[in-house]
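A structural walkthrough
The lines below spell out each chain.
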Amino acid sequence: MAIKNVSLVYDEKVNINRKAIEHRATWMGLTYEEGVKAGADAEAIARKAIKRTGNFHGSGFKAACEDPGDLRQFEAAFLDDLGKSTFQMDVTECTKDDLKIEFHYCPLLAAWKKQGFDDATCAKLCDMAMDGDRGIAEAMGLTLDLTDTIAQGCPVCKLHFHK
């Protein structure tokens, strides 16, 4: 697996946001690593906490939608311009029933690579972090399919929120 995570966006606000996300990801990765060293089921603990975070934020996105069943409204609540630029996102489809997004860059992955985590650990941390998005989907009453990730060596992360 060859991970390629290259930033194509250079903007002060985007860089500030990326640094904050990298800081969060560093905590996540190092906390996971220390939990493993201590003999805890660090993955299960982290997944539960991350999913609860997603559920919390998903409830906020749902409340921001006049019609939470319309994924066009979810897209407007979930994705702002700064977030799109931070992850170099492209919305490839947005209808009442489907929201498909491609991420071309991941600041979380950038942080884990800076910490020296190997590719397999990065892929595991990525999947754990995606429990936040799964929690958002759950709170919205949606399903999330994650078919490709940069951490698995794919060129982009592909997320598909749907009913």
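These lines cover the structure that appears in this document, whether it is placed above or below.

Reading guide: rules and limits
Residues numbered from 1 in each chain as written. Predicted model: local features only at pLDDT ≥ 70, side-chain atom pairs only at ≥ 80, totals over all residues. Heavy atoms only, no water. Buried < 20%, exposed > 50% of the residue type's maximum accessible area, 1.4 Å probe, protein only. Helix = DSSP H or I, 4+ residues; strand = E, 2+ residues; numbered from the N terminus. Pairing = 2+ DSSP bridges. Salt bridge = Lys/Arg side-chain N within 4 Å of Asp/Glu carboxyl O.

So, the pairing of strand β4 (residues 157-162)
Among the six residues that make up β4, five are buried, leaving the element largely enclosed by the rest of the structure. Examined bridge by bridge, strand β2 (residues 98-103) and β4 share six bridges and lie antiparallel to one another. Looking at the pairing, I101 lines up with L159 of β4.

So, the pattern of salt bridges
Tallying each qualifying case throughout the model produces 15 salt bridges. Measuring nitrogen to oxygen at the nearest pair gives 3.3 Å for the salt bridge that ties E75 to K84. Residue K84 is classed as partly exposed on the basis of its relative accessible area of 24%. Here K100 makes a salt bridge to E93, at a shortest N to O gap of 3.5 Å. By relative accessible area, which is 31% here, K100 ends up partly exposed. A relative accessible area of 28% means that E93 is categorised as partly exposed. Three or more residues joined by partner-sharing salt bridges are found here, namely E43, R47, K124, D127, D131 and R134.

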